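Single-letter residue listing:
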Amino acid sequence: MTSNIIKQFSQQLATYLCERYMAPISYLNIYRAHNEFQIIKSVQRSLRKGKYVLRVTDKGGVFHIGHSKDYEQKVEAYRQKTGAYVELENNPLRIIFENVEGTRLISIVSSMHTPTDDTSKFLDRLLRPLFDKHVRSTTIIDGVDLIRRLETYVPNGHWKPTTYFCTFDITDLYTLLPQEESLNVLTEFLLEHGYQKVKNVPIDAIRKLARLVITENVFTYEKKFYRQVVGGAMGSASTLTLANIFMWKWEKQLVLHQIASNEI
């Protein structure tokens, strides 16, 4: 707290807050605020009539207000592209979220209070520490961790004018995770790191529990029941760990190449 950069940042923050919240408001800003208030009141009336839908975003802690028809179109587009969900009456509900008016939605199937919820949490407590232990050297957790990696990377002479930072994302990883293949990769991961049992739970039992969690995801939509037949529920505790282990298999060759060339 005594460093100059912290003092400088604190002063800039205090100045910004003072200008933003304590400075006199112009008539123009008052006019804008009035118009925004009227828009909010109009949207509230529309929400009460069922014309608009209010949704909490997955990340960022904000809300999104959209026309109910837009959400219906997103679900319809979801149905057209993948076969992740099947209606229990054998009618397919296929789901993929496209950009509608610049807003991207993702499928989150809640597993709270479901029959597999406790099993999923148990598997996550069992497997996540193993993944964190064995893949930690090739995993960057957050921005601070990246900075610490760079602090050892730069002095070794690896930082060059030709160095590139690359990022990419896998679309709908959880939703499209191949179920049987992910179970095979889970078994391979445990065997490769020398586990026949994890806390006295045999690998075969772990696999059976994981299959139960990933295949028995049932939910309702528009008064119909659906079962997920591809991927795992994003709201299930062990889905993240299973997806990470699946990616461990995919990135093994890339990691070997990076290590051989002294890259992060």
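As the structure is a computational prediction, the values presented were derived from the model and not from experiment.

Engineer: Before we move on, can you summarise the packing of aromatic side chains with the specific residues and values?
Structural biologist: The full count for this structure, using the stated rule, is four aromatic pairs. Summarising the aromatic geometry, the rings of Phe-189 and Trp-248 are spaced 5.0 Å apart at their centres and angled 85° between planes, so their arrangement reads as edge-to-face. Note that Phe-189 is positioned in helix H6 (residues 179-192) and Trp-248 in helix H8 (residues 237-260), a separation of 59 residues in sequence. These aromatic residues form a ring-pair network of at least three members: Phe-131, Phe-189 and Trp-248.

Engineer: How would you explain the packing of helix H4 (residues 117-134) against H6 if you had to name every residue and give the values?
Structural biologist: For the pair H4 and H6, the least separation of the axes is 12 Å and the interaxial angle reads 60°. Put simply, H4 runs oblique to H6. Like other packed secondary-structure pairs, H4 and H6 cross with a definite hand, here left-handed. Side by side, H4 and H6 meet where Leu-127, Leu-130, Phe-131 and His-134 of the first sit next to Leu-186, Phe-189 and Leu-190 of the second.

Engineer: Help me get a handle on the pattern of salt bridges, residues and values and all.
Structural biologist: Pairing is possible between side chains of opposite charge, provided their charged atoms come close. Counting across every chain of the model gives ten salt bridges. Of the charged contacts, one joins Glu-180 and Arg-207 as a salt bridge, the two residues approaching to 3.0 Å between their closest N and O atoms. A residue pair is termed long-range when its members are at least 10 positions apart, and Glu-180 in helix H6 and Arg-207 in helix H7 (residues 203-215) qualify at 27 residues. On the basis of relative accessibility, which here comes to 40%, the residue Glu-180 falls in the partly exposed class. A network of salt bridges, in which partner residues are shared, links Glu-188, Glu-192, Lys-249 and Lys-252.

Conventions and cut-offs
- Residues numbered from 1 in each chain as written.
- Predicted model: local features only at pLDDT ≥ 70, side-chain atom pairs only at ≥ 80, totals over all residues.
- Heavy atoms only, no water.
- Phe/Tyr/Trp six-rings, centres within 6.5 Å; stacked < 30°, edge-to-face > 60°.
- Helix = DSSP H or I, 4+ residues; strand = E, 2+ residues; numbered from the N terminus.
- Axes fitted to C-alpha atoms, helices over the stretch in contact; angles between N-to-C directions.
- Parallel < 35°, antiparallel > 145°, perpendicular 65-115°, else oblique.
- Left-handed = near helix turned anticlockwise from the far one by under 90°.
- Contact = heavy atoms within 4.5 Å.
- Salt bridge = Lys/Arg side-chain N within 4 Å of Asp/Glu carboxyl O.
- Buried < 20%, exposed > 50% of the residue type's maximum accessible area, 1.4 Å probe, protein only.

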